[in-house]
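Results of the structural survey
Here is what each chain is made of, one letter per residue.
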Amino acid sequence: MEFSIKSGNPEKRRSACVVVGIFESRKPTLPAELLDKASSGFISDILRRGDMEGKAGSTLMLHSVPGTLCDRILLVGLGKEKEFREKEYLAAVRATFKALADTGAQDASLFLAELPVKKKDLAWKIRQAATIALDTGYRFDDFKSQKPTARRSLKKVTFGVERRNELALAEEALAQGIAIAEGMAIARTLGNMPPNIFHPSYLAEQARQLAQEFQLECDILERADMEALGMHSLLAVARGAVQPPKLIVLHYRGAKANSKPVVLVGKGVTFDTGGISLKPAADMDEMKFDMCGAAGVLGTLKAVARMQLPINLTVLVPATENMPDGNATRPGDIVTSMSGQTIEILNTDAEGRLILCDALTYAERFSPDVVIDVATLTGACVVALGHIASGLFANKDNLARDLLDAGELAQDRAWHMPLWDDYQDLLKSGFADMGNIGGRWGGAITAACFLSRFTKAYDWAHLDVAGTAYRSGADKGATGRPVPLLAHYLLQRAGKLD
Ligand code: BES
Ligand code: MN
Ligand code: ZN
């Protein structure tokens, strides 16, 4: 899809479809009024007849409206003007692209971005609209022999702005919105791939291609490298798998060499059977999504590289399968992590923390300014927060705050969870420095506590995306979260947001 920004009036726009908003009840926005005037009251006639009340999410397509230069006008209901806030704006944009997908219109001009949204600037409105336009068009049908025949004829989208002096700002926001959507799209596709094809070597190959596309430095550590580094916790998870594990390292350098990098670490379990602590059969297919942390950090990297942000960013992905096998790790096995701390593996299904802890120790060598790991780590986090918020843990409150703010701005929210020492006791082991599970209660927290023992050397945050990175049920699939949150955090750090 192609995008552009233009200033100018809607009635003079040559377009297959001009999109304007109507508030409840039957109150036209300024662009709708301009069209109404040009068409000698055509739109107010329709409103009067009651075909468009302005209810949130409703749409009405008008064809060949006299006095205008466009083929169609799409009226989009915005709900009550007094209640029109960010959520309502986003819903209107979503409704717009849904309605446009069902028409033959090849291009559309939207006049929604100038609507006042409390505390949100034009840049935010354009950025979000571009991301939504692309994300709602995302499809994954690589493995369907008969592709669905949806028309999807929309090729060009123009966002109308009122003043010419807003054009430059809007263009930058547009580029950001597109980059974030591209990052989400790759994260979704990586997540949706079937686990027979998508194993650690395939993931490493995808990372190499990303590196090639954006001229990033790329290092893939093999099993022998991990052995030399003493990553016996990561290796313990890989023992049962025929597919070899990989530790993927990517460097994006957008700032001076001495500027400390942000390091993102993504859990890359390409399939989680639970290992010897085997999971039940129901819904086990969804454990192909157990690499969505990896997908999220790679997607973020792509967005950052596309935006050419002036920051240094390193991405680490420990990748392995978690399989049962004669050679697999047993409950009761004790391993020494790269940090030197010993771990009694009491449950082989708590494998995410076992691969992350070694990657987090490895992160120290990059002298990070901050390290953020992303993982589909615990079912307990889904119990706590459902599918709305990601679980956020941090060893520095200001880092937590920045990430929460980024999530708010991106509409990809997280919720701050406690990391108090009181929970650490639950990880006690009679035989090793710690166990890898903390018992039945507070499972998302004890998992984070486990990771915190490996992140003392730097500022660190952990995002548990088990409930947010993918959807179950009829529209099963990866969501692309938390790419928007992380991209906004990095935009903020790069000084690109007001
Ligand atoms: N990948 C799972 C977590 C998960 C569960 C993600 C459900 C998405 C949906 C993780 O490896 C796991 O199995 N965690 C266990 C930990 C437990 C054994 C302490 C869990 O959450 O049950
Ligand atoms: Mn598991
Ligand atoms: Zn897992």
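Residues numbered from 1 in each chain as written. Chains lettered and ligands numbered in written order. Predicted model: local features only at pLDDT ≥ 70, side-chain atom pairs only at ≥ 80, totals over all residues. Heavy atoms only, no water.

Topic: the overall build of the protein chain
Across its full length, the protein chain carries 14 helices and 21 strands. If you line up the protein chain on its principal axes, its C-alpha atoms span 85 × 50 × 45 Å. Evaluated residue by residue, the protein chain yields a buried proportion of 58% over its 498 residues. Partitioning the contacts of the protein chain with sequence separation of at least 6, the portion at a separation of at least 24 is 77%. Here the protein chain displays about 21,000 Å² of accessible surface, and carbon together with sulfur accounts for 49% of that area. Each charge class in the protein chain was averaged separately, 59 positive and 60 negative side chains, and the resulting centres sit 5 Å apart. (Helix = DSSP H or I, 4+ residues; strand = E, 2+ residues; numbered from the N terminus. Buried < 20%, exposed > 50% of the residue type's maximum accessible area, 1.4 Å probe, protein only. Contact = heavy atoms within 4.5 Å. Areas by Shrake-Rupley, 256 points an atom, 1.4 Å probe, with all protein chains shown as cover. Lys, Arg positive; Asp, Glu negative; His and termini not counted. Charge placed at Lys NZ, Arg CZ, Asp CG, Glu CD.)

Side note on the site of ligand 1
Near ligand 1, the surroundings consist of 16 residues, among which Lys-279, Asp-290, Asp-349, Glu-351 and Gly-379 are the closest. Contacts to ligand 1 include Lys-279, whose side-chain N or O atom sits 2.8 Å from an oxygen atom. Look at ligand 1: alone it shows 520 Å² of surface, and the protein chains cover 78% of it. Residue composition of the shell around ligand 1, grouped by class: five nonpolar, four polar and seven charged. (Near = heavy atom within 4 Å. Polar contact = N/O pair within 3.5 Å; in protein donor to acceptor, adjacent residues only side chain to side chain. Nonpolar A, V, L, I, M, F, W, Y, C, P; charged D, E, K, R; others polar.)

What about the domain arrangement of the protein chain?
Each assigned domain of the protein chain is listed with its residue range as follows: domain 1 (2–137) and domain 2 (180–493). Look at where the C-alpha atoms of domain 1 and domain 2 centre, and you get two points 40 Å apart. Carbon and sulfur atoms make up 53% of the surface buried where domain 1 meets domain 2, a total of about 750 Å² over both sides. By the criterion of area lost to domain 2, the three top residues of domain 1 are Arg-127, Thr-131 and Asp-135, representing 50% of everything that side buries. Here domain 1 and domain 2 share one salt bridge between them. Of the charged contacts, one joins Arg-188 and Asp-135 as a salt bridge, the two residues approaching to 2.8 Å between their closest N and O atoms. Ranked by the residues each element gives to the side of domain 1 that touches domain 2, the list is headed by helix 4 (residues 122–136), at six residues. Considering only residue class, the side of domain 1 that touches domain 2 consists of three nonpolar, two polar and four charged. (Domains from an automatic or database assignment. Buried area = accessible area lost by both parts, 1.4 Å probe. Salt bridge = Lys/Arg side-chain N within 4 Å of Asp/Glu carboxyl O.)

A look at the coordination of the zinc ion (ligand 3)
Each protein donor to the zinc ion (ligand 3) is listed here as Lys-267 (NZ), Asp-272 (OD), Asp-290 (OD) and Glu-351 (OE); together their distances run 2.0 to 2.4 Å. Coordination at the zinc ion (ligand 3) is octahedral: its six donor atoms span angles of 79 to 175 degrees at the metal. For the zinc ion (ligand 3), the single-chain donor residues occur in sequence as K-x4-D-x17-D-x60-E. The manganese ion (ligand 2) is placed at 3.1 Å from the zinc ion (ligand 3), the two being bridged by Asp-272. A residue is classified by how much of its surface remains accessible, and Asp-272, at 3% relative accessible area, is buried. (Donors = N, O, S within 2.8 Å, 3.2 Å for Na, K, Ca; no water. Tetrahedral: all angles 85-135°; square planar, octahedral: opposite > 155°, others 65-115°.)

A short note on the packing of helix 4 against helix 5 (residues 167–192)
At their nearest, the axes of helix 4 and helix 5 sit 7 Å apart, and the two run at 35 degrees to each other. Relative to helix 5, the crossing made by helix 4 is right-handed. Judged by residue contacts, Leu-122, Ala-123, Ile-126, Arg-127, Ala-130, Thr-131, Leu-134 and Asp-135 of helix 4 engage Leu-169, Ala-170, Ala-173, Leu-174, Gln-176, Gly-177, Ile-178, Ile-180, Ala-181, Met-184 and Arg-188 from helix 5. Grouping the constituent residues of the contact of helix 4 with helix 5 by class yields 13 nonpolar, three polar and three charged. (Axes fitted to C-alpha atoms, helices over the stretch in contact; angles between N-to-C directions. Left-handed = near helix turned anticlockwise from the far one by under 90°.)

So, the coordination of the manganese ion (ligand 2)
Here the manganese ion (ligand 2) is held by Asp-272 (OD), Asp-349 (O), Asp-349 (OD) and Glu-351 (OE), and the distances to it run 2.0 to 2.2 Å. Relative to the metal, the six donor atoms surrounding the manganese ion (ligand 2) lie at angles of 69 to 165 degrees, and the coordination shape comes out irregular. Each donor residue of the manganese ion (ligand 2) lies on the same chain, and together they follow the pattern D-x76-D-x1-E. On the accessibility criterion, Asp-349 (21% relative accessible area) is partly exposed.

So, the sheet that holds strand 14 (residues 342–345)
What holds strands together in a sheet is hydrogen bonding between their backbones, with the strands either parallel or antiparallel. Taken in spatial order, the three strands of this open sheet run 13-14-18, and their pairing is mixed. What marks the edges here is a single partner per strand, and that holds for strand 13 (333–336) and strand 18 (434–435). Pairing of strand 14 with strand 18, which is carried by two bridges, proceeds in the parallel orientation. Counted as the bridge partner of Ile-343 is Met-434 from strand 18. (Pairing = 2+ DSSP bridges.)

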